[in-house]
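Observations on the three-dimensional arrangement
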Amino acid sequence: MPELDQPKESTKPKSEEAHSAIVRHSAVISLFNGLGVLGGLVLDMVVAALFGLGQATDGFFLAFTVPQFVMLVLQGSFVSGLVPVLTGLQDGERTRAWTVFSRLLNLSGVLLVAISALGWLAAGWITGLVGAGLEPPQRAQAVSLARILFLMLPPLGLAEVLRAQLNALERFAVPAAGNVVRYMGALATLLLGYHTWGIRALAFGYVVGALAQMVLLAVAIAWAGGRYRFSWSLSDADVREGMRLLMTRAGGIGLRRSGLILERFLASFLPAGSVTALSYARRMSLSLFQVFANSVSAAILPTLSASARAGDGPALRRSLRLGYRLLSFITCPAAALMAALSTPIVWVLFQRGAFDAADTALTAALLTIYALNVPALALVQVLLTPHYARRDATAPTRHMAWMLGVNTLLAWGLMRLIGVHGLAWASTLTAFLSVARAYWLLRPLGGLDLGAYTARVVAASCVAGLAAWGGWAVAGCLGWATTTINALLVAASTGALGGLLYLAVGQLLRLDELPRLLQLVQGIGDARQAMGGKR
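It should be emphasised that the depicted structure is a prediction, and the values quoted were computed from it without experimental measurement.

**Some thoughts on the overall build of the chain**
Helices and strands together make up the secondary structure of the chain, namely 21 helices and zero strands. Counting only residues that meet the buried cut, the chain has 59% of its 535 residues in that class. Split by element, the accessible area of the chain, about 20,800 Å² in all, is 67% carbon and sulfur.

Set out below in structure tokens:
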């Protein structure tokens, strides 16, 4: 990395350069991740308006469950598993680096095609298991949808290998922009094919979007001087190491994401619309996670990997502390405000067409619960990053297994007590326990001392959330939020009030991440120049 490999060309301390690079890269990724999240929300809004909450959308989301599970595993494992290996090759011979990349791409392609073919053949059995609570007509439709959705896995997986190589080259903008292209491709296909194919148009859209994303990243690789080779070698030590890290990482992510399969399996036995409401609420809450957690973790992984290779423990701790503090400073108040304003958020985004007020009430209640787990999920991802940077995937995998066991027990017990809301609470409680255990796993690293800082951030976030909730409640009593436009204005105003209170209380509590946040905002404003500079 420039700030590590060329210290003589800079007058800044190495640690300051590393921190500036992390914030700058996080800004670029955050901008495009934010656009991708916006694209995903627009797609969900259109689907909700066309179909509402009911059997058609429940069938789609149950059919989407296993393909989505594999997609999430790919997105979570390829970059973090391959970047440490690919980053280490950038300092050596360029030909060797591109050869290893090509071999990893080819091997991944074969595995992905095999997984897609198996999914297509076993779609009936898979859908029957996941959607055990569906009626026979719904189950038949879900099988048809699942077979279409399994076709998106090869292009999605290959796009993740391309993303890993671009990140190793410290080119972050175009890979992050890939999600925008994927959702826009899905949206365009849905709008064009809805009248002919109905809900199947959405499934075809996901396939088209995945292909478009893969093409975009392939062009970016070529623009970066990529040299693809049709080369195979399972005896290549770097290829074996990359696949070992990838598979181990995939195993850990798979264990964590198995909660999605469990949740939808249980929800299939609940009243119609439960699966869809859970899916929309989860997607909205995870929008914060996708924008901030993925941005910061992707930006610090190359720095952590370089520090781990050099055996520089202090640099590793500094980068980790920065990532943790920056994420908690942003995600805690954002989650508090989302939970406090869940009703107007769902109202403004979804309540139109086939999506009525009862659908809004159910989805908003679930969003309130899910929003609370966003900071924990984000911080867990960052706290596990040092293990991958040191090429140790065993501890994170065991951690994911622990999370799955806890979530299974909580989901089963709480669903029996409070229905669909119990599934959301199980996810949130598991996330809280997970962040505590992930922090405990880093005790050998020493020197983090983040407990007091976390407590101050949580206190300031609670003030922000209570202020926003109180403002919305008062506006409702006064009759100021009777239309969608009025609800939007009131929610924006009370959210801004909560944000200002958070910053004020943060100053009193000596939260010193505001300069870094301003640097992040400035970096987002300069993201287009950053992308051009990387070219």
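**Thoughts on the environment of M415**
Tracing the backbone through its elements, the reader meets M415 in helix α16 (residues 394-418). Judged by its relative accessible area of 14%, M415 falls in the buried class. C-alpha separation for the pair M415 and A267, spaced 148 residues apart in sequence, amounts to 8.8 Å. Once residues within four sequence positions are removed from consideration, M415 is found in contact with L266, L270, L410, G422 and L423.

**Regarding a nonpolar patch on the surface**
A surface patch of nonpolar side chains, about 540 Å² in accessible area, is lined by L372, L417, I418, W425, L429 and F432. Of all the secondary structure elements, the ones that give two or more residues to the nonpolar patch are α16 and α17 (420-441). At three residues, α17 tops the list of elements feeding residues into the nonpolar patch. Looking at where F432 falls in the secondary structure, it is placed in helix α17. The class of F432 is partly exposed, set by a relative accessible area of 38%.

**Focus: the packing of aromatic side chains**
Applying the stated criterion across every chain, the model contains 14 aromatic pairs. Geometrically, the ring pair formed by F51 and Y194 is edge-to-face, given 5.6 Å between the ring centres and 85° between the ring planes. One end of the pair, F51, is in helix α2 (residues 14-51); the other, Y194, is in helix α8 (residues 173-197), with 143 residues separating them in the sequence. Ring geometry for F350 versus F355: centroids 5.6 Å apart, planes at 35°, classification tilted. Assigned by exposure class, F350 and F355 land together as buried. The rings of F60, F61, F64, Y206, Y280, F350 and F355 are connected pair by pair, giving a single aromatic cluster. The residue whose ring lies beneath R147 is W120, and the NZ or CZ to ring-centre distance is 5.1 Å. Taking NZ or CZ as reference, R325 lies 4.0 Å from the ring centre of Y453, over its face.

**Let's talk about helix α12 (residues 313-340)**
Over its 28 residues, α12 runs 40 Å from end to end, which matches the ideal 40 Å to within 8%, given 1.5 Å per residue. For α12, the buried fraction is high: 23 of the 28 residues fall into the buried class.

**Some words on the nonpolar core**
Residues L43, F60 and M152 are the most contacted members of the largest nonpolar core, which totals 128 residues. Sort the elements by how many residues they give to this core and helix α3 (residues 55-89) lands first, with 16 residues. The contacts of F60, once residues within four sequence positions are left out, are L145, L149, I199, L202, A203 and Y206.

**Quick notes on α8**
With 25 residues, α8 extends 35 Å from end C-alpha to end C-alpha; this agrees with the ideal 36 Å at 1.5 Å per step. Of all bends in α8, the biggest is about 40°, found at L191. Just beyond α8, the residue with positive phi is G198, at close to 65°.

**Observations regarding unusual backbone geometry**
Residue R510 is not a glycine yet carries a positive backbone phi of 60°. By secondary structure assignment, the location of R510 is in the loop between α19 (484-508) and α20 (514-525).

**Topic: the packing of helix α4 (residues 94-121) against helix α10 (residues 237-267)**
As a packed pair, α4 and α10 sit with axes 10 Å apart at the nearest point and diverge in direction by 45°. Classified by the angle their axes make, α4 and α10 are oblique. Crossing of α4 over α10 shows right-handed handedness. Contact with α4, carried on its side by R96, V100, R103, L104, L107, S108 and L111, involves D238, V239, M243 and M247 of α10 and no other residues of that element. Looking at the contact of α4 with α10, its residues break down into seven nonpolar, one polar and three charged.

**Some thoughts on the side chain of N106**
Mapped onto the fold, N106 is located in helix α4. A polar contact is formed between the side chain of N106 and the side chain of Y228, at a distance of 2.6 Å. Here the side chain of N106 touches R229 through a polar contact of 3.3 Å, landing on its backbone oxygen. The contact partners of N106, leaving out residues within four places of it in the chain, are Y228, R229, F230, S231 and W232.

**Quick word on the layout of surface pockets**
The space that makes up the largest pocket amounts to roughly 530 Å³. If you go around the largest pocket, you meet 23 residues; those closest to its centre are C332, L372, P375, F432 and V458. Counting only elements with at least two residues in the lining of the largest pocket, the list comes to α12, α15 (374-389), α17 and α18 (451-477). Counting residues per element, the lining of the largest pocket draws most heavily on α18, which supplies eight residues. For the lining of the largest pocket, a count of residues per class yields 19 nonpolar, four polar and no charged. In this model, the second largest pocket occupies a volume close to 400 Å³. A334, L337, M338, L341 and I345 are, among the 16 residues lining the second largest pocket, the residues nearest its centre. Only α11 (274-310), α12, α13 (342-350) and α19 provide two or more residues apiece to the lining of the second largest pocket. Here the lining of the second largest pocket is built from residues that sort into 14 nonpolar, two polar and no charged.

**Side note on the confidence of the model for the chain**
In this model, the chain carries an average pLDDT of 83, and 84% of its residues clear a pLDDT of 70 or more. For the stretch residues 1-12, pLDDT sits under 50, and the model shows 16 contacts to residues farther than four places along the chain or on other chains. Scored below 50 in pLDDT, residues 527-535 makes 11 contacts in the model with residues more than four places away or belonging to other chains.

About the criteria used
Residues numbered from 1 in each chain as written. Predicted model: local features only at pLDDT ≥ 70, side-chain atom pairs only at ≥ 80, totals over all residues. Heavy atoms only, no water. Helix = DSSP H or I, 4+ residues; strand = E, 2+ residues; numbered from the N terminus. Buried < 20%, exposed > 50% of the residue type's maximum accessible area, 1.4 Å probe, protein only. Areas by Shrake-Rupley, 256 points an atom, 1.4 Å probe, with all protein chains shown as cover. Contact = heavy atoms within 4.5 Å. Patch = residues over 30% accessible without salt bridge, like charges linked within 9 Å, V, L, I, M, F, W, Y side chains within 5 Å. Salt bridge = Lys/Arg side-chain N within 4 Å of Asp/Glu carboxyl O. Phe/Tyr/Trp six-rings, centres within 6.5 Å; stacked < 30°, edge-to-face > 60°. Lys NZ or Arg CZ within 6 Å of the ring centre and 35° of its normal. Expected span 1.5 Å × (residues − 1). Core = buried A, V, L, I, M, F, W, Y, C linked by side-chain atoms within 4.5 Å. Bend = angle between axes of the 7 residues up to and from the residue. Axes fitted to C-alpha atoms, helices over the stretch in contact; angles between N-to-C directions. Parallel < 35°, antiparallel > 145°, perpendicular 65-115°, else oblique. Left-handed = near helix turned anticlockwise from the far one by under 90°. Nonpolar A, V, L, I, M, F, W, Y, C, P; charged D, E, K, R; others polar. Polar contact = N/O pair within 3.5 Å; in protein donor to acceptor, adjacent residues only side chain to side chain. 1 Å grid on protein atoms, 1.4 Å probe; cavity = no way out; pocket = protein on both sides within 12 Å on 5 of 7 lines; lining within 4 Å. Points joined across faces, edges and corners; volume = space filled by probe spheres on them. pLDDT = per-residue confidence, 0-100.

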